[in-house]
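For reference, the chains in residue letters:
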Amino acid sequence: MNKRPLCTALGAVVFLILLFRGYLEQERPEIYRGERKTVQCQIEEISGQEEAPVLTVCDVVEGDTELCRRMRILASAGKGNLTGLKIGNILTVTGEIHSFSHPGNPGQFDEYQYYRDQGISYLFFAETVTIRDSASKKLEQWLRDVRTVLCQRIMSCLPPEEGGVAAAMLLGEKGALSREIQSLYQENGISHILAISGLHISLIGAGIFFFLRSFIMPMRPAALVTGTLLVLYGQLTGFSISAQRAVWMMLCFLMAKFFGRRYDIYCALALSALIQLLIHPTVLFQAGFLLSYGTVLGIALFVRQFQQTDRRYPEICGVFLGSLGIQIVTAPILLYYYFELNPYSVFVNFLVLPLVSILLVMSAAGCLMTGFHQGAGRFLFGAVHFILLFYHRMGALARELPLACYITGRPEGWQILLYYLLLILWIVLHNRVKGKNGKTGHKLIRAGALPAAVLLLLFQIPEKKQLQITNLDVGQGDCTCIRLSGKTVLIDGGSSDVVEVGKYRISKYLKYYGIRRLDYIFITHSDSDHTSGIAEIIQDHNKMGFDIGALVLPDVKKRDENYKALEQLCHNCGITVKKMKKGDRIRVGGMDIRCIHPRRDYNWRTENDYSLVLSVRYGKFHGLFVGDLESAGEQEILWDIRDADYLKAGHHGSAGSSGEEFLAALRPEIAVISAGEDNRYGHPAPAALERLRKAGADIYSTIDSGAVTVDTDGAGIRVSTYK
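Residues numbered from 1 in each chain as written. Predicted model: local features only at pLDDT ≥ 70, side-chain atom pairs only at ≥ 80, totals over all residues. Heavy atoms only, no water.

**Q** How would you summarise the packing of helix α13 (residues 345-370) against helix α14 (residues 374-398) if you had to cite specific residues and measurements?
**A** It is the contact of α13 with α14, at a shortest axis distance of 8 Å, that shows an interaxial angle of 155 degrees. As judged from the angle between their axes, α13 and α14 are roughly antiparallel. The element α13 and its partner α14 pack so that their crossing is left-handed. Per-class residue counts for the contact of α13 with α14 are 22 nonpolar, 5 polar and no charged. (Axes fitted to C-alpha atoms, helices over the stretch in contact; angles between N-to-C directions. Helix = DSSP H or I, 4+ residues; strand = E, 2+ residues; numbered from the N terminus. Parallel < 35°, antiparallel > 145°, perpendicular 65-115°, else oblique. Left-handed = near helix turned anticlockwise from the far one by under 90°. Nonpolar A, V, L, I, M, F, W, Y, C, P; charged D, E, K, R; others polar.)

**Q** How would you explain the pattern of salt bridges if you had to name every residue and give the values?
**A** All told, the structure shown has 29 salt bridges when counted by the stated rule. Its salt-bridge partner being Arg 505, residue Asp 473 comes within 3.7 Å of it at the nearest N-O pair. On the criterion of sequence distance, the pair formed by Asp 473 in the loop between β8 (467-471) and β9 (477-484) and Arg 505 in helix α17 (residues 501-512) is long-range, its members being 32 residues apart. Salt bridges here are not isolated pairs; linked through shared partners, they connect Lys 487, Arg 517, Asp 519 and Asp 547. (Salt bridge = Lys/Arg side-chain N within 4 Å of Asp/Glu carboxyl O.)

**Q** A description of the sheet that holds strand β18 (residues 646-648) should follow, citing residues and the corresponding values.
**A** As summarised here, the arrangement of the 7 strands in space is β14-β15-β16-β17-β18-β19-β20, forming an open sheet in which the pairing is mixed. The open sheet has two edge strands, β14 (585-588) and β20 (698-701), and neither has a second partner. Pairwise comparison of adjacent strand axes, ignoring direction, gives a mean angle of 20 degrees for this sheet. Across 5 bridges, the pairing between strand β15 (residues 591-597) and strand β16 (residues 613-618) is antiparallel. Following the sheet pairing, His 597 is matched in β16 by Val 613. (Pairing = 2+ DSSP bridges.)

**Q** Can you tell me about the sheet that holds strand β3 (residues 65-75), naming the residues and giving the values?
**A** The 5 strands are arranged β1-β2-β3-β5-β4 in a closed barrel whose pairing can be described as mixed. Neighbour to neighbour, the strand axes of the sheet diverge by 45 degrees on average, direction disregarded. Note that strand β1 (residues 33-47) and strand β4 (residues 90-99) share 9 bridges and pair antiparallel. Within the sheet, the bridge partner assigned to Val 39 lies in β4 and is Val 93.

**Q** Give a detailed account of the packing of helix α4 (residues 138-157) against α13, specifying residues and quantitative values.
**A** Contact geometry of α4 with α13 gives a least axis separation of 9 Å together with a crossing angle of 100 degrees. On the basis of their axis angle, the class for α4 and α13 is roughly perpendicular. Residues Leu 150, Arg 153, Ile 154 and Cys 157 of α4 lie in contact with α13, whose contacting residues are Cys 367, Leu 368 and Thr 370. (Contact = heavy atoms within 4.5 Å.)

**Q** Before we move on, could you go through the side chain of Thr 531 and cite the residues and values that matter?
**A** Position of Thr 531 among the secondary structure elements: in helix α18 (residues 528-539). A polar contact is formed between the side chain of Thr 531 and the backbone oxygen of Asp 527, at a distance of 3.2 Å. Residues contacting Thr 531, with those up to four places away along its chain left out, are Gly 493, Gly 494, Ile 523, His 525, Ser 526 and Leu 566. (Polar contact = N/O pair within 3.5 Å; in protein donor to acceptor, adjacent residues only side chain to side chain.)

**Q** Any details on helix α9 (residues 241-259)? Residues and values, ideally.
**A** The end-to-end C-alpha separation of α9 is 27 Å, in line with the 27 Å expected for 19 residues at 1.5 Å each. Two residues or fewer past α9, Gly 260 is found with a positive phi of approximately 70 degrees. (Expected span 1.5 Å × (residues − 1).)

**Q** Explain the pairing of strand β19 (residues 670-673) to me, and be specific about the residues and the numbers.
**A** Where burial is concerned, the two faces of β19 agree: the one with Ile 670 and Val 672 and the one with Ala 671 and Ile 673 are both buried. The pairing of β18 with β19 spans 3 bridges and is classified as parallel. Along β19, the bridge assignment pairs Tyr 646 with Ile 670. For the crossover that starts at β18, traverses helix α22 (residues 660-666) and ends in the parallel β19, the hand is right-handed. Here β19 pairs with β20 via 4 bridges, running parallel. Along β20, the bridge assignment pairs Ala 671 with Ile 699. With helix α23 (residues 686-694) bridging β19 and the parallel β20, this β-α-β connection has right-handed handedness. (Buried < 20%, exposed > 50% of the residue type's maximum accessible area, 1.4 Å probe, protein only. Right-handed = clockwise from strand over helix to strand, strands pointing away.)

**Q** Describe the nonpolar core, and please don't skip the residues or the numbers.
**A** Ranked by size, the top nonpolar core spans 49 residues in total, and within it Ile 154, Val 165, Tyr 185, Ile 201, Val 352, Leu 388 and Tyr 391 carry the most contacts. Counting only elements with at least two residues in this core, the list comes to α4, α5 (160-171), α6 (179-187), α7 (198-215), α8 (219-236), α9, α13 and α14. Ile 154 has contacts with Gly 163, Ala 166, Ala 167, Leu 170, Leu 171, Cys 367 and Phe 381, leaving out every residue within four places of it along the chain. Core analysis: the second largest hydrophobic core is formed by 33 residues, Ile 534, Ile 537, Leu 566 and Ile 575 among them. (Core = buried A, V, L, I, M, F, W, Y, C linked by side-chain atoms within 4.5 Å.)

**Q** Residues and numbers for the packing of aromatic side chains, please.
**A** One pass over the full model with this rule turns up 20 aromatic pairs. Ring centres of Phe 100 and Tyr 115 lie 4.2 Å apart, and the angle between their planes is 15 degrees; this geometry places the pair in the stacked category. Here Phe 100, found in the loop between β4 and α3 (111-116), pairs with Tyr 115, found in helix α3; they are 15 residues apart in sequence, far enough to count as distant. The class of Phe 100 is buried, set by a relative accessible area of 5%. With relative accessibility at 14%, the residue Tyr 115 sits in the buried group. An aromatic cluster is present here, built from Phe 100, Phe 109, Tyr 114 and Tyr 115 joined pairwise through their rings. One cation-aromatic arrangement involves Arg 21 over Phe 285; the distance from NZ or CZ to the ring centre is 3.7 Å. The ring of Trp 604 has Lys 558 sitting right over it, with the charged end atom 4.5 Å from the ring centre. (Phe/Tyr/Trp six-rings, centres within 6.5 Å; stacked < 30°, edge-to-face > 60°. Lys NZ or Arg CZ within 6 Å of the ring centre and 35° of its normal.)

**Q** Explain the environment of Ile 90 to me, using residue names and the numbers behind them.
**A** Relative to the elements of secondary structure, Ile 90 occurs in strand β4. Taking the C-alpha atoms as reference points, Ile 90 and Ile 43, separated by 47 residues in sequence, lie 6.5 Å from one another. Apart from the residues within four sequence positions on either side, Ile 90 is in contact with Cys 41, Gln 42, Thr 130, Ile 131, Arg 132 and Asp 133.

**Q** Describe in detail unusual backbone geometry, supporting the description with residues and values.
**A** Note the cis peptide between His 597 and Pro 598, where omega equals 5 degrees. Following the sequence through the fold, Pro 598 ends up in the loop between β15 and β16. Note that the residue after His 683, namely Pro 684, is joined by a cis bond; omega there is -5 degrees. If you trace the backbone, Pro 684 turns up in the loop between β19 and α23.

**Q** Would you mind going over the environment of Tyr 722 in detail, with residue names and values included?
**A** With respect to the secondary-structure elements, Tyr 722 resides in the segment after β22 (717-721). Linking Tyr 722 and Pro 159, residues 563 residues apart in sequence, is a C-alpha distance of 44 Å. In contact with Tyr 722, other than residues within four places in its own chain, are Pro 103, Gly 104, Asn 105, Pro 106, Ser 705 and Ala 707.

**Q** Can you explain the pairing of strand β5 (residues 122-133)? Please cite residues and give values.
**A** Sheet topology places β3 next to β5; 5 bridges connect them, and they run parallel. Along β5, the bridge assignment pairs Ile 73 with Phe 124. Bridge analysis of β4 against β5 gives 10 bridges, and the strand direction is antiparallel. Looking at β5, one finds that Ser 99 is bridged to Tyr 122.

Structure follows, in structure tokens:
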């Protein structure tokens, strides 16, 4: 470290950020939930497609009061018009302001923290926009116009899927990327090629530098011109975290050439990280930051280590070692933020990386050539099309392989720390053990260090032998996860106001805890706010990495269309369907699940009436799950219920549920209500809340508490909330 003071300085800064993290995150902006405001601001950045741009604005004031430093503005549906604006324009904007959401469940994406790390405080939906000062920032706007023209050229020469990928790789424009393609690249561990990274910057920078130096000007002027062009390219592409890192590192390389000094990749990496952390300290906790630096560190450590200590490795192995090094160094980061890995990603990257250079060169050449001759540009983009088609076909094939999505759960902090200590030990011993001169003990330790690190990272701490019930925050809907002795049961899983709730909330929670198998999924009734997420999981359970034991439905003679559609979906996906009626029992993991409603001949009027009512017992603990049961159904089960420790309140706490007679018979100690914030139904109803209070229940709501978890050993009960 004495030879690399920048690395020492970076370590000190990281330590200070970790030490004062609470202080850095202490200040929280005021919370807004759709209030109407009129604000003045200046456009700092314009991103997205030309027909639907997204503005990042700065110096936001309301009247004479500063509202925030930075904010994002989108057009309100059918009202706001954000086209024709330029970077630097000063605006007066009227619309609705919203705070970014905090996660309600373990594993859920933290929208608030993500934007906070970028210095962005609010999301504003513009209804009217007036330009107060039309002066623009000439350079930034010119770069924006160039980016728009180049994107249009790419999209006109390639099919939408391939065009979206090419625009993201070359220009950092991800607005045209489909969710399916983004998922495909992420699942195969190659999403890094969609970001402007070191590969892009080094290829462009090295190409420009050596061309200028060889044919136009001396070395020092060539370094200055190349550095200037790289900064402009970074600005053109939006200067993402990875682009900033790559530009700073390339500038270090050019400075070394300019001053005749030796370029050190570790010092360049440290300087780049220091600059970003001094500007935005909390970016240290972003996955993108850690993965960007971890990727370069992995390549540097493994490829360079092997090349320096052993000349037996041919050049082709450099690509594989680079891919392997990336996976080894970034594995804890990936598992900490995404809770799963693809064991084939090393080989996928091995096939993908050699073609990226060709892809970038042909895309850039195609963009330039299209401006002179449309046919010639399309010819060059033909190679881009076939390379990307190969990527997509290979990715689709790879994710169909067995264990392509291996769920690990989030590793504990001590596991990550020990992993990196073992990795450092392996690197140190690798440098010492060379051929026959290495000590036998060192060789043995080195041989075991890396496998031990991997096994340690994948090790899952055994669950305590106690029942855990978690009511997930799924917005206006229902989902309960019950875990006991390695067994997992879901009761419902859907939402009427959260898009793709199965993918972004339910599955994320399951993966966070390393849950790979769902032994039973109970569906109380067929309404979409109880089934939409489950349908997603069933349809893509192999891609998501889940094994499903059986889906359990109410056993009723009369079945609605949604009920039949769910049955058909299970049949198509090879999922076993079981039926439960009053009196049926299932025993799983030491808990007893008994159905007390409906009877098979029950003549229901609405889907809510036939809700599957489940009594769950474990030791002395008794919990009752009633779906969307309302007063008519509650009367049906009055004689079958006894004192309960826990009640999943019926129908999201509606006025027609949790009647006095029902609660008097049940006398729950804890009642949990699952509902969405500001929902249009007014759930939970004040009348239902009052009846629950009178019955002596402690009331918890996912609106206020996020995920609500009840732990019991069969005797005592402990309640914890996520928010």
